[in-house]
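Analysis of the macromolecular model
One letter stands for each residue in the lines below.
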2 protein chains.
Amino acid sequence: MGKVIEGFSKLSKSEKIDWITKTHFKDTKLAKKRLEQYWNNDSELQKSHDEFIENTISNFYIPLGVAPNFLINDKFYSLPMAIEESSVVAAAGNSAKFWSTRGGFKTEIIETVKVGQVHFLFYGDSKKLHDFFISKKEELLRSTDSLTKKMDRRGGGIQSIELVDKTNRMNNYFQLHLRFKTDNAMGANFINSCLEQVAKKFLALSEKENLSKKTNKRLEIIMSILSNYTPECIVRASISCRVENFILNKNGSKGIDYAKRFINAVEIANIEPYRAVTHNKGIMNGVDALIIATGNDFRAIEAGVHAYAARSGEYKSLSNAYIKDEKFCMELTLPISLGTVGGLTKLHPMANWCLELLGNPSAEELMEIVAVAGLAQNFAALRSLITSGIQKGHMKMHLTNILNQLQANENEKLAALKYFEEKSISVDAVEKFLNKNTFK
Amino acid sequence: MGKVIEGFSKLSKSEKIDWITKTHFKDTKLAKKRLEQYWNNDSELQKSHDEFIENTISNFYIPLGVAPNFLINDKFYSLPMAIEESSVVAAAGNSAKFWSTRGGFKTEIIETVKVGQVHFLFYGDSKKLHDFFISKKEELLRSTDSLTKKMDRRGGGIQSIELVDKTNRMNNYFQLHLRFKTDNAMGANFINSCLEQVAKKFLALSEKENLSKKTNKRLEIIMSILSNYTPECIVRASISCRVENFILNKNGSKGIDYAKRFINAVEIANIEPYRAVTHNKGIMNGVDALIIATGNDFRAIEAGVHAYAARSGEYKSLSNAYIKDEKFCMELTLPISLGTVGGLTKLHPMANWCLELLGNPSAEELMEIVAVAGLAQNFAALRSLITSGIQKGHMKMHLTNILNQLQANENEKLAALKYFEEKSISVDAVEKFLNKNTFK
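Everything numeric in this text was worked out from a predicted model, so none of it was measured.

Examining the overall build of chain A
The secondary structure content of chain A amounts to 15 helices and ten strands. Burial statistics for chain A: of 440 residues in total, 58% are counted as buried. Within chain A, contacts between residues at least 6 apart in sequence are counted, and of these 70% link residues at least 24 apart. Distance between charge centres in chain A, computed from 59 positive and 50 negative side chains, equals 2 Å.

Focus on the relation of the copies chain A and chain B
Note on the identical chains: chain A maps onto chain B by a rotation of 180° and an axial translation of 0.0 Å, with an RMSD of 0.0 Å. Taken together, these values place the two copies in the relation of a two-fold axis. When each C-alpha of chain A is compared by its distance to the rotation axis, Gly313 of chain A comes out closest, at 2.1 Å. Comparing contact sets, 100% of the residues at the interface of chain A also lie at the interface in chain B, consistent with an isologous, same-surface contact.

Some thoughts on the sheet that holds strand β7 (residues 219-226) of chain A
Read across the open sheet, the four strands follow the order β5-β6-β4-β7 (chain A); overall the sheet is antiparallel. In the strand order of this sheet, the two ends are held by β5 (157-165) and β7 of chain A, each with one partner. With strand direction ignored, the average angle separating the axes of adjacent strands in the sheet is 15°. Judged from the seven bridges that link them, strand β4 (residues 114-122) of chain A and β7 of chain A form a sheet pairing that is antiparallel. Counterpart to Leu121 of chain A in the pairing with β7 of chain A is Glu220 of chain A. Each of β4, β5, β6 (173-181) and β7 of chain A touches helix α5 (residues 126-142) of chain A; the most contacted strand, β5 of chain A, lies at about 170° to it. Seen against the sheet, helix α8 (residues 255-271) of chain B touches β4, β6 and β7 of chain A and runs at an angle of roughly 55° to β7 of chain A.

Some details on the packing of helix α1 (residues 13-24) of chain B against helix α2 (residues 28-37) of chain B
Residue and element names in this part refer to chain B. Look at α1 against α2: their axes get within 8 Å of each other, and the N-to-C directions meet at 135°. With respect to α2, the axis of α1 lies oblique. The element α1 and its partner α2 pack so that their crossing is right-handed. Side by side, α1 and α2 meet where Ile17, Asp18, Thr21 and Lys22 of the first sit next to Thr28, Ala31, Lys32 and Leu35 of the second. Broken down by class, the residue content of the contact of α1 with α2 amounts to three nonpolar, two polar and three charged.

Here's the deal with the environment of Glu267 of chain B
Secondary-structure assignment places Glu267 of chain B in helix α8. Residues Glu267 of chain B and Ser319 of chain B lie 52 residues apart in sequence; the distance between their C-alpha atoms is 9.5 Å.

Remarks on the domain arrangement of chain A
The domain boundaries assigned to chain A delineate domain 1 (8-50), domain 2 (80-108 + 234-387), domain 3 (114-226) and domain 4 (393-436). The straight-line distance from the C-alpha centre of domain 3 of chain A to that of domain 4 of chain A is 60 Å.

So, the pattern of salt bridges
Scanning the model with the defined rule gives 48 salt bridges over all chains in all. Note that Lys13 of chain A and Asp50 of chain A form a salt bridge whose closest N and O atoms lie 2.7 Å from each other. In this pair, Lys13 of chain A is assigned in helix α1 (residues 13-24) and Asp50 of chain A in helix α3 (residues 43-50), connecting sequence segments 37 residues apart. In this structure, Arg299 of chain B and Asp297 of chain B form a salt bridge, with 3.5 Å as the shortest nitrogen-oxygen distance.

A word on the side chain of Arg275 of chain A
Residue placement: Arg275 of chain A occurs in helix α9 (residues 273-293). The side chain of Arg275 of chain A sits in the buried core without any salt bridge; Glu272 of chain A is the nearest counter-charge, 9.4 Å away.

A closer look at the nonpolar core
For soluble globular proteins, the rule of thumb is that nonpolar side chains tend to be buried together. Grouped together as the largest cluster of nonpolar side chains are 275 residues, with contacts concentrated most on Phe70, Phe246 and Phe262 of chain A together with Phe70, Phe246 and Phe262 of chain B. If we ignore the near neighbours within four places in the chain, the residues touching Phe262 of chain A are Phe246, Leu248, Ala321, Phe328, Met330, Phe379, Leu382, Arg383 and Ile386 of chain A.

Some remarks on the interface of chain A and chain B
Each partner contributes to the interface: chain A provides 149 residues, whereas chain B provides 149 residues. Between chain A and chain B the total buried area reaches about 13200 Å² when both faces are included, carbon and sulfur atoms providing 61% of it. The interface formed by chain A and chain B holds 20 salt bridges in total. Among the salt bridges present, the one from Arg169 of chain B reaches Glu314 of chain A, with a minimum N-O distance of 3.0 Å. By residue number, the principal contributor to the side of chain A that touches chain B is strand β1 (residues 56-72) of chain A, which donates 14 residues. Broken down by class, the residue content of the side of chain A that touches chain B amounts to 69 nonpolar, 45 polar and 35 charged.

Points about the sheet that holds strand β3 (residues 106-112) of chain B
All names here are of chain B. Pairing within the open sheet is antiparallel, and its four strands lie in the order β3-β8-β10-β9. With one partner strand each, in any of the chains shown, β3 and β9 (319-324) form the two edges of the open sheet. Looking at each pair of strands side by side, their axes are set apart by 20° on average, direction ignored. Across nine bridges, the pairing between strand β8 (residues 233-242) and strand β10 (residues 327-335) is antiparallel. Within the sheet, the bridge partner assigned to Ile234 lies in β10 and is Pro335.

A look at the packing of aromatic side chains
All names here are of chain A. By the definition in use, this model includes 48 aromatic pairs over all chains. Relative to Phe379, the ring of Phe98 has its centre 5.1 Å away and its plane inclined at 40°; by these criteria the two rings are tilted. Residue Phe98 is found in helix α4 (residues 88-100), and its partner Phe379 is found in helix α12 (residues 363-386); the two are separated by 281 residues along the sequence. Grouping residues by exposure puts Phe98 and Phe379 together as buried. One aromatic cluster in this structure is built from Phe98, Trp99, Phe246, Phe262, Phe328 and Phe379. Between the NZ or CZ atom of Lys13 and the centre of the ring of Trp39, over which it lies, the distance is 4.1 Å.

Considering the side chain of Thr333 of chain B
Residue and element names in this part refer to chain B. Inspection of the secondary structure puts Thr333 in strand β10. One polar contact links Thr333 to Arg236, side chain to side chain, over a distance of 3.0 Å. Not counting chain neighbours up to four residues away, the residues in contact with Thr333 comprise Ile234, Val235, Arg236, Tyr308 and Leu318.

Notes on the environment of Asn40 of chain A
Here Asn40 of chain A shows up in the loop between α2 (28-37) and α3. Measuring from C-alpha to C-alpha, the distance between Asn40 of chain A and Ser58 of chain A comes to 9.0 Å, with 18 residues separating the pair along the chain. The residues touching Asn40 of chain A, leaving out its near neighbours within four places in the chain, are Leu45, Gln46 and Asn59 of chain A together with Gln37, Tyr38 and Tyr61 of chain B. There is a polar contact of 2.9 Å between the side chain of Asn40 of chain A and the backbone nitrogen of Asp42 of chain A. Within the local environment of Asn40 of chain A, its side chain forms a polar contact with the backbone oxygen of Gln37 of chain B, the two atoms lying 2.9 Å apart.

About the cut-offs
- Residues numbered from 1 in each chain as written.
- Chains lettered and ligands numbered in written order.
- Predicted model: local features only at pLDDT ≥ 70, side-chain atom pairs only at ≥ 80, totals over all residues.
- Heavy atoms only, no water.
- Helix = DSSP H or I, 4+ residues; strand = E, 2+ residues; numbered from the N terminus.
- Buried < 20%, exposed > 50% of the residue type's maximum accessible area, 1.4 Å probe, protein only.
- Contact = heavy atoms within 4.5 Å.
- Lys, Arg positive; Asp, Glu negative; His and termini not counted.
- Charge placed at Lys NZ, Arg CZ, Asp CG, Glu CD.
- Least-squares fit on C-alpha atoms with pLDDT ≥ 70 in both.
- Pairing = 2+ DSSP bridges.
- Axes fitted to C-alpha atoms, helices over the stretch in contact; angles between N-to-C directions.
- Parallel < 35°, antiparallel > 145°, perpendicular 65-115°, else oblique.
- Left-handed = near helix turned anticlockwise from the far one by under 90°.
- Nonpolar A, V, L, I, M, F, W, Y, C, P; charged D, E, K, R; others polar.
- Domains from an automatic or database assignment.
- Salt bridge = Lys/Arg side-chain N within 4 Å of Asp/Glu carboxyl O.
- Core = buried A, V, L, I, M, F, W, Y, C linked by side-chain atoms within 4.5 Å.
- Buried area = accessible area lost by both parts, 1.4 Å probe.
- Phe/Tyr/Trp six-rings, centres within 6.5 Å; stacked < 30°, edge-to-face > 60°.
- Lys NZ or Arg CZ within 6 Å of the ring centre and 35° of its normal.
- Polar contact = N/O pair within 3.5 Å; in protein donor to acceptor, adjacent residues only side chain to side chain.

This is how it looks when you write it as structure tokens:
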């Protein structure tokens, strides 16, 4: 059963590694060597990576790939993509190439407002609470002046504050609902600091004005926290081309036939949640690869995006496709809150590198590029699903991985790639093939 | 505007880097150096990482931390967590410690069935289609024998196949809905290969039986693909302790008061989607850190989990808390489909290391550990939200990051950590503090 280790976080890195490898691994030496093998040579650089989180023992490598040829609003970009899944970068590059000769990607920022809430219980007269809030609204906002000064200068800050009565859903439950703009920052620290300040002031004022008393606690703050649901922080990316140019492969079908199949496939994702989840997962392959590469937080984006996909009451496709004026049109609308300053964006040297690759975009420009990556990925997935099927491309990469796992040499790899072109691939089958044949 | 580069994917790694750095960076040399700085010394090892995806130019480091003291089903674990966000590993460690003296975490696998679908249009008589499907069901299943043989031996394979009429949602739209078990593999390749085989056979049989004809195409397969929505692949993790032992900090409150506040906070996430999204995002901080560390695909898990959170028609909390028999109880139910074989699990040496740290778990055991990581994270987030607020812990890490960014030395760091204990933290304020004072 083992036992608790006390004070682990206070041990040095090498002491932590000693304990971890001694207590959990058969071959302590090898386990240690593996961790060290992934450390950076530059110990200063390694130290800065170690300090990003707690109890760091090594670096987990995510491959960083590049997808060139993205024509976005008439300008070419190469997208940095940090992702472990094969085929994603290749798919992005293929989409980019296809659309580069068909007008490229267009984008538009719809809105950039983020939300934070103070959640509280109030046991008194709700009319009195309402009047109190109205009379103190300005004072509440002013209480954050020292926090918002800098953001105000950048054109951000608190946009509105409202009292929301939620007692129809839960006894005595109210909110202060605040809306923010945060310029080029994702803004989590800024928003949370403002909310905690507002909550503190709100409670203090309520006690001062006898709306609540310390002794009988008629007002209880439960928590103050930003929301990762950002339906007012929205970007749209779109592509379109004349139907006759919508030729998805060389099977000889007409553009209109491909377009119809494609639109059917999107419509299926709109009405069948089992399909919608995977359809949107494909979009997020592109989105997250850029989010990670630029030092942003993908859990925040994922949660907001999927909740948005379910906003109608049914989980649906985030993208849309149709024919209009003899053009095939496809668009993707995403709620994404991200930053190009703050957090790890400037601290992680590789995130910094990726932002430079993109021309040091503003947060709004990065939202646009990220939405394009999602749309490109969605287009590529549907393109292969409705033509050759998803497995053809996947299996080639899968085969390469199996060959590496079996430590095949270059001659064996070439022979296997040829042999398995039209055959089912499994570790078993590849192993048999390698054992049965001799290669020179 | 730039122009398209042809044949980029066929360039060598160094040719790719030459082109990327020359066309996108002011300081080409520095941009190259930065990429190379993150390469592994061992060129064989680096090559295997390069081959995971396409157009790889470097490695993106995600810090790998460890959270010890997780008592899960009466056994202690140390969890490997690959995550860039500060406070997550610390929070996991704190939760683990708290519950290690209160009975630890309990888990249970509810089900492990995954779904894949063949989506098709049929323009004929639906009664005939139904009869045809019933008569061919066994033949369809048998057509996958060569693919499923090995999985059958491992207790997996196709569990069921059904024809589903979806014409009430979309004209002529039907599905073959298949359910799978995939043992210790996540199973995406297996499921997709089976589906494509079934679709091929289904179309061939329909043409042979004159249900459809090549000439008038009464049956059109749109696509065959697994679903990342896995409401039948479910794990539950839970914690509980006597209410009087539910003491969340040293403010002197009673266990019952903490429990009530805590339960209110969970209930708020249940009825307010703005809160639910962030509540569940916190859960996924723990889940994804393990998913990445073990070489699994977090986009698949994210999509499935959030769609599951919205299954009632309203986006809700994934966790639940209540008092029963004078005990505080909390549980988390998650749909997670993952693997401990296949994909990168064995190919990525660090993923391999992380699996060994966990005692080389089966897929079911890993589901349990992942759910515990999510529950621990959720508990930790709520614990700080309803006591000191989220910013206190966050800000300390934030301060460390700012100090590193400003290249503060050790003395400056110590002084700043002390000075900012009770003050608002911003890059500005820290810069001012460092400039105003001298440190020795």
